[in-house]
Amino acid sequence: MTQEREPLLQNGGAGNATAAKGSPALLPSLARSVLKFLMWLVFLSWATGIFLYPTKPAQAAFSEWAALTKQSIFGVTGTVFLVFSAPILIVAALAYVYICAFPRDHVEKKKLRSLSFRLWTFPLLVDGPFGVVSAVEFIGIVLFIVYVVFSMTYYVVESVSLVSKSDLPPNISSEKILGKIGARFGSVGLFCMIFLFLPVSRGSVLLRLIDIPFEHATRYHVWLGHLTMSLFTLHGLCYLIKWFLEGRLLKQIIQWKEIGVAHLAGVISLVAGLLMWATSLHPVRKRFFELFFYTHQLYVVFIVFLVLHVGDFIFSIAAGAVFLFMLDRFLRFWQSRAKVDIVSADCRPCGTVELVFSKPASLRYSALSFIFVQVRELSFLQWHPFSVSSSPMDGRYHMSILIKVLGKWTDKLKSIITDVEENKTRSDTDQSHTGRITASIEGPYGHESPYHLMYENLILVAGGIGISPFLAILSDIIHRIEQGMPCAPKNVLVLWSVKKSTELSLLSAVDAQSISSSVSEKLHLDIQAFVTQESEPPLEEGIVECDQKIPSIFVKNGAAMSGLVGTGDNFWAAMYFAASTLGSVLAYALVQVYYVKRFNVYAWWQLGLLLLLCMAAGVALPGGLVVLLWHLSEKWRVQDDRWDTDASTVKDSAEGEQTTNGAADADTALATSVAALRTTRYGCRPKFQAEFMAFAERSGGAAADVGVLVCGPPGLQASVARECRSQNLCRGGGKSSVVFHFNSHSFDL
């Protein structure tokens, strides 16, 4: 019988026993250390090479190496790719080996005390243009600023010195300097573009390796997007001013050289980038989300015309990062083609929609996961992220989300569901209404490590619909304690701020509706709700708890969601990466031998286009074949699981009746509902300092480790982060700590 793998957290008892005996754990530990060392060595060597590339020694060494490899099959393009793009692909290959050989199968308590973990979770900056910034993020920001300033300063000084040595008139010298500085802005922007595409690959193995969830990586993409587009804009402005001073602005703009850069292609690429940049600014994105979303699809135009602009060997600087993005995008496209069955679609009285999707039993996710949802009746292009509100322990075959009605997209979705009652009155059966919602899913994505299971003392701070991922966390913790599975939390405090008391009924979405007496002895759960826009309880407060729903829509027009993306099978993901990479290299080698050299193709833009097409062919053909086999294996696994489930249903039900009729009934009689543990305060907001200090004292005082997770708007995140930083500074980094995590994807829509 096929057994379901427990999502992201396995019982580490057997592994720990083996480790305690000694020698069997020595070899895996050594292999893990060697892999980590190799990845760090390749990455640091690559980053150091990029940083030092503007210097004369680095330029001389690169030129010498390029001269030696010029006569190879791949020529100078291969040399540039090997230096600047291959290292990141090597790290990705080693990362696949690492996650396949050493999956995160248990929670390491010592991780809470490690320096790297503290640097990632300590909120160093709270108020500022970057929002809440951890110590590691601050170091990264500083390093990028230092790199840009160092590179441009070095280039400017070198350009001025070089031009000043030539006997040229002052006006011509200034134009030469302007052109050289413009070229340097473009080259530095191209190096920054390497990092621009890495965080936007949602299922990237690199993000999984260092455990950066996509909602955090999106912030890095935004920061790098501002930096990259600023550099490219300065690059274009320098040349426009230079051509204007020379009196040949229009002629240069429309020029398309065979040897050298194609100016018109660069102008088109820059215009596409500027449109994406302008519409992605927060005021525009907040008010005109659809404009931002559709304009951002111009990234295809941006990349293609950038390749036509600079040619093959210059584009090879950023080709590795673009290739990883293409891998992720093709895999997401394949997954998102499938329609997913909707087990139920409910509209709650508080204005929140609950969707429950069908999933295969083998699909792994954590309580901190989120998915992207597309509803084709609303839009064929729009994908919106939502936190998963169900625990992986709630059921093997379903996953649910809660959606707050905030804009046009969500309002239309609500209308489809609420109209079902009227439509049912016109028909004798419900079958005519089952196809009204056609949903597709991308994901699930999220943390590799289940942070909510690592702390004995846990504080969950939510604002409005931000309670959604915490409902999954509560359900996960309760189920694990009931089943005797590894679960660290013993004290959990929920601080939840809502505008209206009707939103409090969302607590009924917790799958574990009641807490048995055995769970109550091991878990102290305190839910503090704050209703900010009501000064006193409403008269119908007693009715709120029942949270009556409009009859559900059941939609069966597809299948269970696919596991190709997110936390999919590591082995198949590695095979997809290997096949696509080798296929792209082979395709480029064949093109060089049988087309470029045979027909003497020399135009930069043509060679660049051929490189991009070979990358796409490697992903679509050999990579697509692996994805097809992966998809078929998923279908066979689901089919086998269905047979196993049908065969064991009678046996499991009989055993369940025999083992649960006695003690379980008695325990259920003493159960307490989750909603009954809620204390509601009206007309006020939580005072985090007092709440945190009181919780710490109840949880063990100065020796307590406290994990704080917050999901809500930026203001709430900043307030909680400020208090976490204050608590850590007051304790002086002693035996205890307050660790901060935040999720923001619930508020993207």
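Residues numbered from 1 in each chain as written. Predicted model: local features only at pLDDT ≥ 70, side-chain atom pairs only at ≥ 80, totals over all residues. Heavy atoms only, no water.

Novice: Mind laying out the overall build of the chain, listing which residues take part and the relevant values?
Specialist: Each helix and strand in the chain was counted, giving 27 helices and 17 strands. Residues classed as buried in the chain amount to 51% of the 749 residues present. A sequence separation of at least 24 residues applies to 81% of the contacts in the chain between residues at least 6 apart. Per element, the accessible surface of the chain, about 34300 Å² overall, is 64% carbon and sulfur. (Helix = DSSP H or I, 4+ residues; strand = E, 2+ residues; numbered from the N terminus. Buried < 20%, exposed > 50% of the residue type's maximum accessible area, 1.4 Å probe, protein only. Contact = heavy atoms within 4.5 Å. Areas by Shrake-Rupley, 256 points an atom, 1.4 Å probe, with all protein chains shown as cover.)

Novice: An account of the layout of surface pockets is requested, with residue identities and associated values reported.
Specialist: The calculated volume of the second largest pocket comes to roughly 1300 Å³. Around the second largest pocket sit 44 residues that line it, and Ala 183, His 235, Tyr 239, Val 261 and Ile 314 are the ones nearest its centre. Breaking the lining of the second largest pocket down by element, the ones donating at least two residues are helix H3 (56-68), helix H4 (75-84), helix H8 (170-197), helix H10 (214-246), helix H12 (263-280), helix H15 (299-310) and helix H16 (312-336). Counting residues per element, the lining of the second largest pocket draws most heavily on H8, which supplies nine residues. A class-by-class count of the residues in the lining of the second largest pocket yields 26 nonpolar, 12 polar and six charged. (1 Å grid on protein atoms, 1.4 Å probe; cavity = no way out; pocket = protein on both sides within 12 Å on 5 of 7 lines; lining within 4 Å. Points joined across faces, edges and corners; volume = space filled by probe spheres on them. Nonpolar A, V, L, I, M, F, W, Y, C, P; charged D, E, K, R; others polar.)

Novice: Tell me about the packing of H15 against helix H23 (residues 604-620), residues and numbers included.
Specialist: Two elements in contact, H15 and H23, have axes separated by 6 Å at closest approach and are oriented at 140 degrees. Taken as axis vectors, H15 and H23 run oblique relative to one another. Classified by chirality, the crossing of H23 by H15 is right-handed. Taking contact as the criterion, the partners of Ile 303, Val 304, Val 307, Leu 308 and Val 310 in H15 are, on H23, Trp 604, Trp 605, Gly 608, Leu 609 and Leu 612. Taken together, the residues of the contact of H15 with H23 sort by class into nine nonpolar, one polar and no charged. (Axes fitted to C-alpha atoms, helices over the stretch in contact; angles between N-to-C directions. Parallel < 35°, antiparallel > 145°, perpendicular 65-115°, else oblique. Left-handed = near helix turned anticlockwise from the far one by under 90°.)

Novice: Can you break down the pattern of salt bridges residue by residue, with the values?
Specialist: Enumeration over the complete set of coordinates arrives at eight salt bridges. Measuring nitrogen to oxygen at the nearest pair gives 2.5 Å for the salt bridge that ties Glu 442 to Arg 202. Of the two residues, Glu 442 sits in strand S8 (residues 439-445) while Arg 202 sits in the loop between H8 and helix H9 (205-209), which places them 240 residues apart along the sequence. With respect to burial, Glu 442 and Arg 202 carry one shared label: buried. Asp 328 is the salt-bridge partner of Arg 332, the closest N and O atoms lying 2.7 Å from each other. (Salt bridge = Lys/Arg side-chain N within 4 Å of Asp/Glu carboxyl O.)

Novice: Give a detailed account of helix H5 (residues 86-101), specifying residues and quantitative values.
Specialist: Taking 1.5 Å per residue, 16 residues should reach 22 Å; H5 reaches 23 Å between its end C-alpha atoms and fits that length. Within H5 the residues assigned to the buried category are Ala 86, Pro 87, Ile 88, Leu 89, Val 91, Ala 92, Leu 94, Ala 95, Tyr 96, Tyr 98 and Ile 99. Summarising the contacts, the buried residues of H5 are in contact with helix H2 (26-52), H4, H9, H16 and helix H22 (570-596). (Expected span 1.5 Å × (residues − 1).)

Novice: Lay out the packing of aromatic side chains with the relevant residues and their values.
Specialist: For the structure on display, the rule yields 34 aromatic pairs. Summarising the aromatic geometry, the rings of Phe 51 and Tyr 147 are spaced 6.1 Å apart at their centres and angled 45 degrees between planes, so their arrangement reads as tilted. Taken as a pair, Phe 51 in helix H2 and Tyr 147 in helix H7 (residues 135-164) lie far apart in primary sequence, 96 residues in all. According to the relative accessible area criterion, Tyr 147 is buried, its value standing at 7%. On the numbers, 5.7 Å between centres and 55 degrees between planes, the contact of Phe 370 with Phe 372 is tilted. Taking relative accessible area as the criterion, Phe 372 reaches 5% and is therefore assigned buried. In textbook terms, an aromatic cluster arises when at least three aromatic residues are bridged by ring pairs, as seen for Trp 40, Phe 43, Trp 46, Phe 144 and Phe 195. (Phe/Tyr/Trp six-rings, centres within 6.5 Å; stacked < 30°, edge-to-face > 60°.)

Novice: Can you explain the environment of Ala 318? Please cite residues and give values.
Specialist: Along the chain, the position of Ala 318 falls in helix H16. In this structure the C-alpha to C-alpha distance between Ala 318 and Leu 190, which are 128 residues apart in sequence, comes to 6.6 Å. Those residues in contact with Ala 318, other than ones at most four positions away along the chain, are Ser 85, Leu 190, Met 193 and Ile 194.

Novice: Give me the lowdown on the confidence of the model for the chain, citing residues and values where you can.
Specialist: Mean pLDDT over the chain works out to 80, with 81% of the residues at or above the 70 mark. Scored below 50 in pLDDT, residues 428-433 makes seven contacts in the model with residues more than four places away or belonging to other chains. Counting contacts from residues 542-547, a segment whose pLDDT is below 50, to residues more than four positions away or on other chains yields nine contacts. (pLDDT = per-residue confidence, 0-100.)

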